[in-house]
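Below, each chain spelled out in residue letters.
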Amino acid sequence: MIAVTRLGPADGPRLCRHLQALDADDRMLRFGHALDDDGITRYVARIDFARDTVIGIESADGTLAALAHLGVRAGRADFGLSVLPAYRGCGLGWRMFSRVVACSRRVGATELVCQSANPAVVHMAAVFGFRRLLADPAAALVLALPDPAPAPHPLTNPADALA
Ligand SMILES: CC(C)(COP(=O)(O)OP(=O)(O)OC[C@H]1O[C@@H](n2cnc3c(N)ncnc32)[C@H](O)[C@@H]1OP(=O)(O)O)[C@@H](O)C(=O)NCCC(=O)NCCS
């Protein structure tokens, strides 16, 4: 696997291929609603790569194995991330999640919001110290920034977390 890299407008077709490879359940978890292939194409076309941070991890054969899109509005950072099924369970989710937290700090967000219902993401958010602000179990998890950085997860590449 290649290091986490920042992606730009020229990577749009690769983003589409990555997201369109997700099945309906994954798309629901990634976007919070159902999205067909055309919807994904429109989503990618609307990304402002200058304003937002889009990062990915490439496999040795050039496949975009992992992808994250981080946006900050009025100091509040929000993100979506995905790892292709064939590459799951190997720590790529951790690497992307760690980088999302690091990027949020770097761009000056005051809080990072995790809207995901995916148990793996909720687990990672808990390790990073995200808290639910409301008693409602469906409420978003929020990490106040800046915060003392938690001890890196054993699967986290420290270079990723610091870059
Ligand atoms: C969520 C996703 C990114 C995880 O990617 P991954 O590469 O498999 O993640 P990792 O291998 O780094 O594992 C992440 C952690 O989640 C844990 N995990 C996995 N499944 C879990 C589950 N069902 N419940 C709790 N924790 C779980 C893993 O054990 C690991 O934690 P650990 O190392 O402390 O044991 C991937 O499953 C995905 O793309 N899902 C579809 C899209 C999605 O739901 N995106 C989230 C929207 S923000």
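Please refer to the structure higher up on the page.
A brief report on the enclosed structure follows.

Each value, and the rule that gives it
- Residue positions are given per chain, counting from 1 as you read along its sequence in written order.
- It should be noted that, the model being predicted, local features are given only for residues of pLDDT at least 70 and side-chain atom pairs only at 80 or more, the latter also being counted only at that level, while totals for whole chains, interfaces and linings use all residues.
- Using the backbone to place each C-beta atom, any residue with that atom within 6 Å of a molecule or strand is considered near it.
- Elements are defined by DSSP. Helices are runs of H or I of four residues or more, strands are runs of E of two residues or more, and each kind is numbered from the N terminus.
- In the scheme used here, Gly and all other residues not listed as nonpolar or charged are polar, with Ala, Val, Leu, Ile, Met, Phe, Trp, Tyr, Cys and Pro taken as nonpolar and Asp, Glu, Lys and Arg as charged.
- Residues with at least 20 other C-beta atoms within 10 Å of their own are called buried, those with 12 or fewer are called exposed, and the rest are partly exposed. The C-beta atoms themselves are positioned from the backbone.
- Any two strands are treated as partners once DSSP identifies two or more bridges connecting them.
- Here, residues touch in the contact sense if the C-beta positions derived from the backbone fall within 7 Å of one another.
- Helix axes use the C-alpha atoms of the stretch in contact, all axes being lines fitted to C-alpha atoms, and the angles between their N-to-C directions lie in the range 0 to 180 degrees.
- Roughly parallel covers angles under 35 degrees, roughly antiparallel covers those over 145, roughly perpendicular covers 65 to 115, and oblique covers all other angles.
- A clockwise turn of the near helix away from the far one marks a right-handed crossing, whereas an anticlockwise turn of less than a right angle marks a left-handed crossing.
- Structurally, a nonpolar core is described as a collection of buried Ala, Val, Leu, Ile, Met, Phe, Trp, Tyr and Cys residues joined by way of C-beta atoms within 7 Å.

Focus: the site of the ligand
Around the ligand, the surrounding shell holds 22 residues, and the nearest of these are Leu-29, Arg-88, Gly-93, Pro-119 and Ala-120. Put simply, the parts of the chain that give the shell around the ligand at least two residues each are α2 (24-31), β4 (76-83), α4 (92-106) and α5 (119-128). At 5 residues, the largest contribution of residues to the shell around the ligand is made by α5. When its residues are assigned to classes, the shell around the ligand shows 11 nonpolar, 8 polar and 3 charged.

Quick look at the environment of Ala-10
Tracing the chain through its elements places Ala-10 in the loop between β1 (5-6) and α1 (12-20). Here Ala-10 falls in the exposed class, since 8 other C-beta atoms lie within 10 Å of it.

Side note on the sheet that holds strand β5 (residues 111-114)
Taken together, the 7 strands give an open sheet; going across it, the order is β1-β2-β3-β4-β5-β7-β6, and neighbouring strands pair in mixed fashion. Bordering the open sheet on either side are β1 and β6 (131-132), each of which pairs with just one other strand. Where strand β3 (residues 64-73) meets β4, 8 bridges bridge the pair, whose relative direction is antiparallel. Across the sheet, residue His-69 finds its bridge partner in β4, namely Gly-80. Running over the sheet, α1 touches β3 and β4 and is turned about 105 degrees from β3.

Things to note about the packing of α4 against α5
Interaxial distance between α4 and α5 falls to 11 Å at its minimum, and their mutual angle equals 50 degrees. Here α4 is positioned oblique relative to α5, judged by the angle of their axes. As α4 packs across α5, the resulting crossing turns out to be right-handed. Contact with α4, carried on its side by Gly-93, Trp-94, Phe-97 and Val-101, involves Ala-120, Met-124 and Phe-128 of α5 and no other residues of that element. Split by residue class, the contact of α4 with α5 holds 6 nonpolar, 1 polar and no charged.

Observations regarding the nonpolar core
Residues Ala-66, Ala-68, Leu-81, Met-96, Phe-97 and Val-100 are the most contacted members of the largest nonpolar core, which totals 36 residues. Setting aside residues no more than four positions away along its own chain, Val-100 makes contact with Ala-68, Leu-70, Phe-79 and Leu-81.

Here we look at unusual backbone geometry
Positive phi values are uncommon outside glycine, yet Ala-74 reaches one of about 50 degrees. A residue is classified by how many C-beta atoms lie within 10 Å of it, and Ala-74, with 6 of them, is exposed.

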